[in-house]
Amino acid sequence: MNKTTREHGITIGSMPIGERNQITDVPGVTVGHYTLNKNRVQTGVTAILPHQGNLFQKKTVASAHVINGFGKTAGTIQLEELGTLETPIVLTNTFGVGAAYDALVAYTLERNQEIGRATGTVNPVIGECNDMYINDIREQAVTKEHVLQAIADAEDHFKEGCVGAGRGMLCYSLKGGIGSSSRKVQLAHGTYTIGVLTLTNFGKLSDLRIDGQPVGQKLKDCIQAEEEKDRGSIMIVVATDLPVSHRQLKRICKRTVTGLSRTGAMIGNGSGDVVLGFSTATTITHEKPEETITFSSIHEEDMDEAFRAVGEATEESILESLFQATPVTGRDNHQRPTLTELLERYPIKF
């Protein structure tokens with residue numbers, strides 16, 4: 001089992017982490033994977049559930065933020081317009097978005113017989129990255145059944161690295177994948193959690209920085225690798241139990257870019273860098289109540305703590321996706337070294 005970022009002696013930021021140091025430190029949040037690992041097909045699905053009830057009936061406050069829009073997400077328009085999330089969030093490869101959409105519709109229809117009859121439709125939310133170097137994306141291997149299984153398998157403990165949607169992803173020209181981290185936000189009225197999950201598929205090796213050190217450039221010099229063009233994407237999912245409005249949540253989502261940048265990302269032209277966020281502090285019923293809906297939210301002066309927390313968690317989450325990655329050989333024997341492999345061969349003191 002690979003060492004975590006902290007087991008390498010690297011402490012990102014100053015804020016306390018949650019019990020698992022994962023997005024599931026936010027109470028009620030679970031994550032599930034389905035991994036496809038067969039010859040040329042190296043891909044999968046990752047599902048994030050904000051709570052364990054009926055999401056369509058009890059929606060969460062939600063938001064989205066596009067750092068760079070080279071991507072093919074689904075559901076973000078309505079997410080932004082209404083500020084609510086009503087399905088699990090599914091991450092997969094670019095050509096798996098359609099299957100994920102079908103699965104989320106089927107999942108929600110099964111649990112809500114009134115959809116398409118007494119009420120309207122449903123807004124599935126899906127994020128993607130292009131894993132075509134390792135995975136034979138033309139196979140369109142992800143199916144509705146794979147997505148439904150990922151949702152069914154969601155738990156509060158989950159694996160990181162080359163699992164689920166992260167199976168075929170690359171990060172800083174190394175093997176990337178799924179990473180996660182969390183931070184505790186201590187305010188006068190209570191202690192809250194911000195958790196982040198990343199699907200990393202971006203960057204070139206020479207740009208990688210770990211805890212401020214130009215680790216990527218040092219490794220590039222050691223292996224004498226040719227410079228690669230910065231391409232790819234990152235999906236960032238932010239979860240919290242902070243009582244925040246849709247507007248405040250969007251402000252928090254925007255600050256993920258501080259953690260992304262601290263790892264060395266320059267947010268290139270061809271990179272789809274998208275953030276999806278939700279807060280479990282308030283649920284909004286689908287059916288209109290007789291009384292008004294009451295929201296709680298933190299004061300704007302408390303936002304700095306949330307900004308720092310989400311930046312730190314994003315940075316560590318990205319590093320976790322690298323440290324937890326394992327070797328994968330896929331299409332045409334394509335592969336990339338892992339960060340762990342290179343550091344064992346060329347030790348760098350942190």
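This is a predicted model, so every value here is computed, not measured. (Residues numbered from 1 in each chain as written. Predicted model: local features only at pLDDT ≥ 70, side-chain atom pairs only at ≥ 80, totals over all residues. Heavy atoms only, no water.)

Per the counting criterion, the structure on display carries one cavity of 30 Å³ or more. Roughly 40 Å³ of volume is contained in the largest cavity. Forming the walls of the largest cavity are Phe-202, Gly-203, Asp-230, Leu-260, Ala-265, Ile-267, Ser-271 and Asp-273. Taken together, the residues that form the lining of the largest cavity break down as four nonpolar, two polar and two charged. (1 Å grid on protein atoms, 1.4 Å probe; cavity = no way out; pocket = protein on both sides within 12 Å on 5 of 7 lines; lining within 4 Å. Points joined across faces, edges and corners; volume = space filled by probe spheres on them. Nonpolar A, V, L, I, M, F, W, Y, C, P; charged D, E, K, R; others polar.)

Among the residues of helix α3 (residues 144-152), His-146, Val-147, Ala-150 and Ile-151 are the ones counted as buried. Burial along α3 is one-sided: seen end-on, the buried residues are contained in an arc of 140°. Summarising the geometry of α3, the exposed residues directed more than 90 degrees from the buried face are Glu-145 and Ala-152. Those residues of α3 that are buried lie in contact with β1 (30-38), β2 (41-49), β5 (89-93) and α2 (97-111). (Buried < 20%, exposed > 50% of the residue type's maximum accessible area, 1.4 Å probe, protein only. Helix = DSSP H or I, 4+ residues; strand = E, 2+ residues; numbered from the N terminus. Arc of directions from axis to C-beta. Contact = heavy atoms within 4.5 Å.)

Before going further, it helps to spend a moment on the state of the cysteines. Think of a disulfide as a covalent bridge from one cysteine sulfur atom to another cysteine sulfur atom. All chains considered together, the criterion is met by zero disulfides. Not engaged in a disulfide, the cysteine Cys-171 finds its nearest cysteine sulfur in Cys-129; these two sulfurs lie 9.8 Å apart. (Disulfide = S-S within 2.5 Å.)

It is worth spelling out the sheet that holds β2 at this point. Spatially, the four strands line up as an open sheet ordered β1-β2-β5-β6, and their pairing is mixed. What marks the edges here is a single partner per strand, and that holds for β1 and β6 (125-129). Put simply, the sheet's adjacent strands are angled 15° from each other on average, direction ignored. Sheet topology note: the β5/β6 ladder contains five bridges and is parallel. Looking across to β6, one finds that Thr-92 is bridged to Glu-128. (Pairing = 2+ DSSP bridges. Axes fitted to C-alpha atoms, helices over the stretch in contact; angles between N-to-C directions.)

A separate point is the pattern of salt bridges. By the definition in use, this model includes 14 salt bridges. A salt bridge links Asp-332 to Arg-331, with the shortest nitrogen-to-oxygen separation between them at 3.2 Å. Overall, the relative accessible area of 46% leaves Asp-332 in the partly exposed class. Each of the salt bridges in this network shares a partner with another, and the network as a whole consists of Arg-6, Arg-183, Glu-312 and Glu-316. (Salt bridge = Lys/Arg side-chain N within 4 Å of Asp/Glu carboxyl O.)

Note that every value here comes from positions in space, so none of it alone points to a role or purpose.
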